[in-house]
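What follows is the residue order along each chain.
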Amino acid sequence: MNKNKFKGVKKYIMIPGTTITTLHNLLDYEASKFSSAEIQLTHVLPEWISKANSMTLKNVLQKYLDYIQRHLEKLELIIEEEKIISLALTNHVMRTYIEETREKLSLCTDKEVSDACLLASIQSINHFKISAYGTAAAFANMLELGNTAVFFHEAEVSEKQIDDRLTQLAAFEINAKAKSPISLP
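These remarks concern the structure in this document. (Residues numbered from 1 in each chain as written. Predicted model: local features only at pLDDT ≥ 70, side-chain atom pairs only at ≥ 80, totals over all residues. Heavy atoms only, no water.)

### Observations concerning the side chain of D163
Part 1 of the argument: Here D163 shows up in helix α5 (residues 146-179).
Part 2 of the argument: Of the buried charged residues, D163 lacks a salt bridge, with K160 as the closest side chain of opposite charge at 9.1 Å.
Part 3 of the argument: Look past the residues within four positions of D163 in its chain and what remains in contact with it is Q123, N126, H127 and I130. (Helix = DSSP H or I, 4+ residues; strand = E, 2+ residues; numbered from the N terminus. Buried < 20%, exposed > 50% of the residue type's maximum accessible area, 1.4 Å probe, protein only. Lys, Arg positive; Asp, Glu negative; His and termini not counted. Salt bridge = Lys/Arg side-chain N within 4 Å of Asp/Glu carboxyl O. Contact = heavy atoms within 4.5 Å.)

Here you go:
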C-alpha cells in the first residue's frame, strides 16, 4: 500500500460558530480527531520503523502501520456511511505524542535503550487510542449507530491486541536488552 495514500484524505475544518450540543456532534468531533490522529501516525511510523534496531520491533511496527492504513480506509467509509460531519483539522494530542517521542529518541545514545524508548512511546500512543475508541464505541452504541459502534469496538479490541504484543515484546526482549547497555566513553 502506498504510504502517502492518506496525505490527500479530507481535511476537516472547525466551522466558525459550531458547537457540540448533542452526543452525535461529540461523536462527529471525535471521529474527525481519530482520522487526523491515524493519518499523523501513518506519516511518522515509517521514520520510527527505520530507527528501530530490533527486527522484531520493526516487524511489529510495520504490522501496526499496515493495520492503521486498513483501519483508515474503514474509518473513511464509516464517516461517509453514517454521514458523520467531521469538524477538526489536527489531533493535537497525537501531535504532542509524536513530538515527545521524537525528542526522547533524539536523546537516546544506546540502540537498545532507543528501542525501549520507542516501544514505550508507541504504547503510550496505543493507550490513548484504546481509550478514544472505547469512548467512541460507547457513544455510537448509545446513538444506536450499529456499524459505527461495531467499527469502534473492533478498533479498540485491535489496539488492545497490539498493546498486548508490545507488552510481551518489551518484557521478553526489548527491556531486557536495554537493562544493561554497553556504554563506551
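### Quick word on the pattern of salt bridges
Part 1 of the argument: Counted by the stated rule, this structure contains 6 salt bridges.
Part 2 of the argument: Between E47 and R102 there is a salt bridge, with its nearest N and O atoms 2.8 Å apart. On the criterion of sequence distance, the pair formed by E47 in helix α1 (residues 23-51) and R102 in helix α3 (residues 92-107) is long-range, its members being 55 residues apart.
Part 3 of the argument: Residues E159 and K129 are paired through a salt bridge, measuring 2.9 Å at the closest nitrogen-oxygen approach. With a gap of 30 residues between them, E159 in helix α5 and K129 in helix α4 (residues 111-142) connect regions that are remote in the sequence.
Part 4 of the argument: Three or more residues joined by partner-sharing salt bridges are found here, namely E38, K129 and E159.

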